[in-house]
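Take a look at the letters that make up each chain.
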Amino acid sequence: MIANFGYKDGSGEYFLSIDTDKCNGCRDCVTACPAQVFEIRDEDPNDPFREIPVAAIKDSERKKIKYACGPCKPVSKRPSLPCVVACKQGAIAHSW
Amino acid sequence: MAEFWRWTESRWTAPDKDWKKAKIITAGVDVGSVSSQAVVMVDGELYCYSNMRTGSDSPNSATNAMNWALEGTGLSLDKIQYTVGTGYGRVNVPFAQRAITEIACHGRGANFIYGPTVRTVLDMGGQDCKAIHIDEKGKVTNFLMNDKCAAGTGRGMEVFADLLGVSINEVGELSLKVEEEPPPVSSTCVVFAKSEASGLLREGWPKEKVIAAYTSAMAHRVVTLLERIGVEPDFAITGGIAKNVGVVTRLEKELHIKALIPKYDTQIAGAVGAALFARALVEKGK
């Protein structure tokens, strides 16, 4: 399942997606993110039959993801995003 | 003073089913930001349901919806083996054994209401909008939700119904009574769209033209959200706005795809999915 966390408002669309089929709950994204937007859930509220933990964006961060991720996305010379690099399964993607 | 935003509440019991003959009785309660539904299923078939306004008190909303659904059936809460709560207020269903998100529940519910060919579900709810991809069993494969703003939601449409003094049950039909489609309102924000609409009314635009302009803008906004994950046939719409023929027609036109015709009230999809999950959880011995 591709879980898209984020929102769309007058300024644009901002979604951080996690491919839960690839996610194994390893916690590397939680450690890598300087803004601490990730969390690991023992039960996936979107998939009640999933047996292993899953990464997700905290509910408190979801609706301000544009600002939370802002520091990692400078306008020029943007380095690779720490969360994307940290995830060995390649489960994380950003829409902006 | 008439309340134009008030849509019709309803309840229903299956005329041909007897809960006393059922092996597994389960329930799903969807406490949404605007509306609440309670659905009871017997052996995976729809037995009864209710659809009413949520009000300001979530735990009472769940109980009120359930009591109304059970009214006249002789069935009581203690005979229901498992209840799943879903929706915005899912943690406030006091008699539920588990809470599952409305995304998973709308996926399952759409699969039940529309059949196993559905792959794309658009849920336009009271205060949010969801695009969901499901497989033939109703399991979610991709989802995207926007709950940051009212444009593209029931709440937005309620604002316009109230502004124009037209009942929410009739705004859809009214929006189609224009000979030529007017340009959509330029603001995507409902607050500004309302100001813009007041201006158009003062300029002499008839009500149907104003509501057509707003509906057109709303449909377009929803389409851009859907296109982020793509629309794969078959396409189905759940939630209250699925009953607005003005929005549905414009969506179908912009997406070049016809939405499936529902067999049941589109607002109960979440609660239906929850009741189905409840049954699966009973069968798994949880």
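Residues numbered from 1 in each chain as written. Chains lettered and ligands numbered in written order. Predicted model: local features only at pLDDT ≥ 70, side-chain atom pairs only at ≥ 80, totals over all residues.

**Observations concerning the pairing of strand S2 (residues 25–31) of chain B**
All names here are of chain B. To be explicit about the condition: Around each residue's C-beta, the other C-beta atoms within 10 Å are counted; 20 or more make the residue buried, 12 or fewer make it exposed, and counts in between make it partly exposed. All C-beta atoms are placed from the backbone. Numbering goes from the N terminus for both helices and strands, where a helix is a DSSP run of H or I of at least four residues and a strand is a run of E of at least two. Two strands pair under a simple rule: DSSP has to find at least two bridges between them.
In terms of residue burial, S2 counts as a mostly covered element, since seven of its seven residues are buried. Here S2 shows no split at all, with Ile25, Ala27, Val29 and Val31 on one side and Thr26, Gly28 and Asp30 on the other all buried. Relative to strand S3 (residues 35–42), S2 runs antiparallel, the two being bridged by seven bridges. Within S3, the position partnered with Val29 by the bridge is Ala38. Summarising the sheet, S2 and strand S5 (residues 82–86) pair through five bridges and their orientation is parallel. Bridge pairing in S5 links Gly28 to Val84.

**Regarding the sheet that holds strand S9 (residues 140–146) of chain B**
Cut-off, in case you're wondering: Only C-alpha atoms enter the line fits that serve as axes; for helices the fit covers just the stretch in contact. Angles between N-to-C directions range over 0 to 180 degrees.
Ordered in space as S5(A)-S2(A)-S1(A)-S9(B)-S8(B)-S7(B)-S10(B), the seven strands form an open sheet in which the pairing is mixed. The sheet is open, and its two edges are formed by strand S5 (92–94) of chain A together with strand S10 (235–238) of chain B, each paired on a single side. Across the sheet, the mean angle from the axis of one strand to that of its neighbour is 15 degrees, orientation sign disregarded. In terms of strand pairing, strand S7 (residues 120–124) of chain B meets strand S8 (residues 129–134) of chain B through five bridges, oriented antiparallel. From the neighbouring strand, Leu122 of chain B faces S8 of chain B, where its bridge partner is Ala131 of chain B.

**Section: the environment of Leu201 of chain B**
Secondary-structure assignment places Leu201 of chain B in helix H5 (residues 190–202). Each C-alpha atom of the pair Leu201 of chain B and Ala236 of chain B lies 34 Å from the other, and the pair is 35 residues apart in sequence.

**Observations concerning the domain arrangement of chain B**
In many analyses, interface size is given as the accessible surface area lost on bringing the parts together. All names here are of chain B. Selection criterion: Just so you know, the domain bounds were taken from an automatic or database domain assignment. Working definition of a contact: two residues with C-beta atoms, positioned from the backbone, lying within 7 Å. Following the grouping adopted for this structure description, the nonpolar residues are Ala, Val, Leu, Ile, Met, Phe, Trp, Tyr, Cys and Pro, the charged ones are Asp, Glu, Lys and Arg, and the polar ones are all others, Gly among them.
Partitioning chain B into domains gives domain 1 (10–109 + 267–283) and domain 2 (117–259). Between the C-alpha centres of domain 1 and domain 2 there is a distance of 27 Å. With twelve residues of domain 1 at the interface, the matching set in domain 2 holds 18 residues. In terms of residue class, the side of domain 1 that touches domain 2 is built from four nonpolar, seven polar and one charged.

**Side note on the interface of chain B and chain A**
In this assembly, 17 residues from chain B lie in contact with 15 residues from chain A. Mapped onto the side of chain B that touches chain A, the elements with two or more residues apiece are helix H2 (102–114), S9 and helix H6 (207–229) of chain B. With six residues, S9 of chain B is the largest single contributor of residues to the side of chain B that touches chain A. Each residue belonging to the side of chain B that touches chain A can be placed in one class, and the counts come to ten nonpolar, five polar and two charged. Strand direction decides the pairing type here: strand S1 (residues 2–9) of chain A and S9 of chain B, joined by three bridges, are parallel. Note that in S9 of chain B the partner of Asn4 of chain A across the bridge is Leu144 of chain B.

**Quick word on the nonpolar core**
Most often, soluble globular proteins keep nonpolar side chains buried together rather than apart. Residues and elements named next belong to chain B. Cut-off, in case you're wondering: Among buried residues, those of type Ala, Val, Leu, Ile, Met, Phe, Trp, Tyr and Cys that are joined through C-beta atoms within 7 Å form a set called a nonpolar core.
Counting 112 residues, the largest nonpolar core has Val29, Val39, Val40, Tyr214 and Ala275 as the members making the most contacts within it. Looking at this core, the element that brings in the most residues is H6, giving ten residues. Mapping this core onto the domain boundaries places at least three of its residues in each of domain 1 (10–109 + 267–283) and domain 2 (117–259). Every residue in contact with Ala275, bar those within four places of it in the chain, is listed here: Thr26, Ala27, Gly28, Val39, Val40, Met41 and Val84.

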